[in-house]
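Observations on chain architecture
In case you want the letters, here they are:
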Amino acid sequence: MRIHTARLTAGFLLACALAATDTGNAATSATPATSTAPATASTASSLEAEQEAAFKAAKAVQKAGPADIPLRDQAHLKLPEGYIWVPTPAAAQLMRSMGNRTDDTFIGAIFPADDNADWMAVVKFVKEGYIKDDDAKDWNADDLLKSLKEGTEAANEERAKRGIPAIEVTGWAQKPQYEAATHRLVWSALSKKKGDTGDRQGVNYNTYALGREGYLSLNLITNAKDLDTYKPDAAKLLAALQYDDGKKYADFNSSTDKVAAYGLAALVAGVAVKKLGIFALALAFLAKFAKIAVVAGGAAIWGVAKIFKKKNPEA
C-alpha cells in the first residue's frame, strides 16, 4: 500500500497562487496586469513542486494500520486497519506545503486508506501540565461559542495583515462534550469565509485525551456536510489513543506535578486559543480532492491540501 496524490485542477491552483500574491501585487498596482502573469505561473509551479516533494517524503515514511505508533514519551496510537500514519518531520513538511504552520506540539497526521474518504486528522501533544476538568460541570455552550467567535474575529486582524480573507464561526457542529470517566473531550465548530452567503462551510472535529502532563489532540478536518459520515472515524481513532503507564490522567501527583494555568473550557475557547494557537478551522472543499484550510491562533495561513488515497499493495 502506498499514498499518492490527486492532481489539482489548473484553475484552482492558479486561484491559490493569485491569493498568495495579492499582497505583493497591491504594492505594485501601477504595473500592467500582463506583467504579473509570468510571476503568477511561477508561483503556481513552485507551489506544486513544493507539494509534490512533501508528498514524496510522506509516502517514504507512511505506516499503514494495524500498527503501534509511539506518541512521544507519552502514549501509543493503536492505529487500526484502514488508516495511514505519517510521522513528523515528513508530516510537518506536508502541512507546510499546504500552507499550515506547525510547532513542537505537532506529532503527525492520519489519513484514510479508503479512496473515497475526504478527511485528514492532525495529532498533537501539548505539554502544559495537568488540566483540571471540574469546570466542565458548569460550562455554558452559548458562552463558549461567543468566546470562540470573538477569538476568531480578533485573529482576523492577523489574516488581514497577510492578505488572507477573514473567516467567521457560524455555530456548533457539535457542542462540547466531556466524558469524565475516560477524560475525553469532543467539540466541533462550523466556519466559513466572512460575509459568504453560500452554504459551503468547513469544520474541524476536535477531540482531546487528557493525560498527567498535558493533552493529546486529534483534529479531524473535513467538509461540514460530511461530518456525520466521518465522526465514527474520529471516535475510533480517539479510542485508539492510550497513555502509557505513569502518564495517565489518574497518575497525577498533586505534590510534584505541574498544573496547567487554564481549565478544560479553555480547550474550547479562551486562553488556549490565544496562547497556544490550537484553535483550527477548515473552510469547505472547493473541489473534489482539494480543500482550503485555515489554521487560526498565533497566525493564519491559507493552504492547499491534497488527499491521500489507497493504491494496490504492490503499487
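How each quantity is defined
Residues numbered from 1 in each chain as written. Predicted model: local features only at pLDDT ≥ 70, side-chain atom pairs only at ≥ 80, totals over all residues. Heavy atoms only, no water. Helix = DSSP H or I, 4+ residues; strand = E, 2+ residues; numbered from the N terminus. Buried < 20%, exposed > 50% of the residue type's maximum accessible area, 1.4 Å probe, protein only. Contact = heavy atoms within 4.5 Å. Areas by Shrake-Rupley, 256 points an atom, 1.4 Å probe, with all protein chains shown as cover. Expected span 1.5 Å × (residues − 1). Arc of directions from axis to C-beta. Pairing = 2+ DSSP bridges. Axes fitted to C-alpha atoms, helices over the stretch in contact; angles between N-to-C directions. Salt bridge = Lys/Arg side-chain N within 4 Å of Asp/Glu carboxyl O.

Identification of the chain as Membrane protein from Variovorax paradoxus is taken from an unreviewed UniProt entry.

1. Some thoughts on the overall build of the chain
For the chain, the count of helices and strands is six helices and 16 strands. Expressed as a percentage of the 315 residues in the chain, the buried residues total 52%. For the chain, contacts bridging at least 24 residues in sequence account for 64% of all contacts bridging at least 6. When the accessible surface of the chain is summed, it comes to about 14,400 Å², and 51% of that surface belongs to carbon and sulfur atoms.

2. A short note on helix H5 (residues 227-239)
Since the α-helix advances by 3.6 residues per turn, residues separated by three or four positions end up pointing in the same direction. In this model, H5 (13 residues) spans 18 Å end to end at C-alpha, consistent with the 18 Å of a helix rising 1.5 Å per residue. Inspection of H5 places Leu227, Tyr230, Asp233, Ala234, Leu237 and Leu238 among the buried residues, and these make up the whole buried set. Axial view of H5: buried residues confined to an arc of 135 degrees, hence all on one face. Turned more than 90 degrees from where H5 packs its buried face, Asp228, Thr229 and Pro232 sit exposed.

3. Observations regarding the sheet that holds strand S5 (residues 83-87)
Judged by pairing direction, the sheet is antiparallel, and its eight strands sit side by side in the order S2-S5-S6-S7-S11-S10-S9-S8 without closing on themselves. With partners counted over all chains shown, the strands left at the sheet margins are strand S2 (63-64) and strand S8 (167-179), one partner each. Pairing of strand S10 (residues 202-210) with strand S11 (residues 215-223), which is carried by nine bridges, proceeds in the antiparallel orientation. Across the sheet, the residue bridging to valine 203 is threonine 222, located in S11. Most of the contacts of helix H3 (residues 90-97) go to strand S6 (residues 106-112), to which it runs at about 75 degrees, and overall it touches S5, S6 and strand S7 (119-126).

4. Observations regarding the sheet that holds strand S3 (residues 67-71)
If you trace the three strands from one edge of the open sheet to the other, you get S3-S4-S12, paired in antiparallel fashion. The sheet terminates laterally at S3 and strand S12 (241-243), the two strands that pair on one side only. Adjacent strand axes in the sheet meet at a mean angle of 25 degrees, parallel and antiparallel pairs treated alike. Sheet strands touched by H5: strand S4 (75-79) and S12. Its angle to S12, the strand with the most contacts, is close to 20 degrees.

5. Notes on the side chain of histidine 183
You can see histidine 183 is positioned in the loop between S8 and strand S9 (184-193). For histidine 183, a relative accessible area of 18% corresponds to the buried category.

6. Things to note about the pattern of salt bridges
It is possible for side chains of opposite charge to pair when their charged atoms get near one another. Inspection of every chain in the model, using the stated rule, returns eight salt bridges. Among the ionic pairs, glutamate 213 bridges to lysine 127, the shortest N-O distance being 3.7 Å. With glutamate 213 in the loop between S10 and S11 and lysine 127 in the loop between S7 and helix H4 (141-161), this pair connects stretches of sequence that are 86 residues apart. For lysine 127, a relative accessible area of 51% translates into the label exposed.

7. Remarks on the pairing of S8
As paired strands, S8 and S9 are joined by nine bridges and run antiparallel to one another. The residue of S9 that forms the bridge with glutamate 179 is arginine 184. Connecting the antiparallel pair S8 and S9 is a turn made up of four residues, with histidine 183 showing a positive phi of about 60 degrees.

8. Examining unusual backbone geometry
Omega for the peptide link from glycine 65 to proline 66 comes to 5 degrees, which places this bond in the cis form. Along the polypeptide, proline 66 turns up in the loop between S2 and S3. Of note, the amide linkage connecting threonine 88 to proline 89 takes the cis form, showing an omega dihedral of 15 degrees. Note on placement: proline 89 falls in the loop between S5 and H3. A positive phi is found at arginine 72, a non-glycine position, where the angle reads about 55 degrees. For arginine 72, a relative accessible area of 40% translates into the label partly exposed. Positioned with a positive phi, histidine 183 is a non-glycine residue whose angle comes to about 60 degrees.

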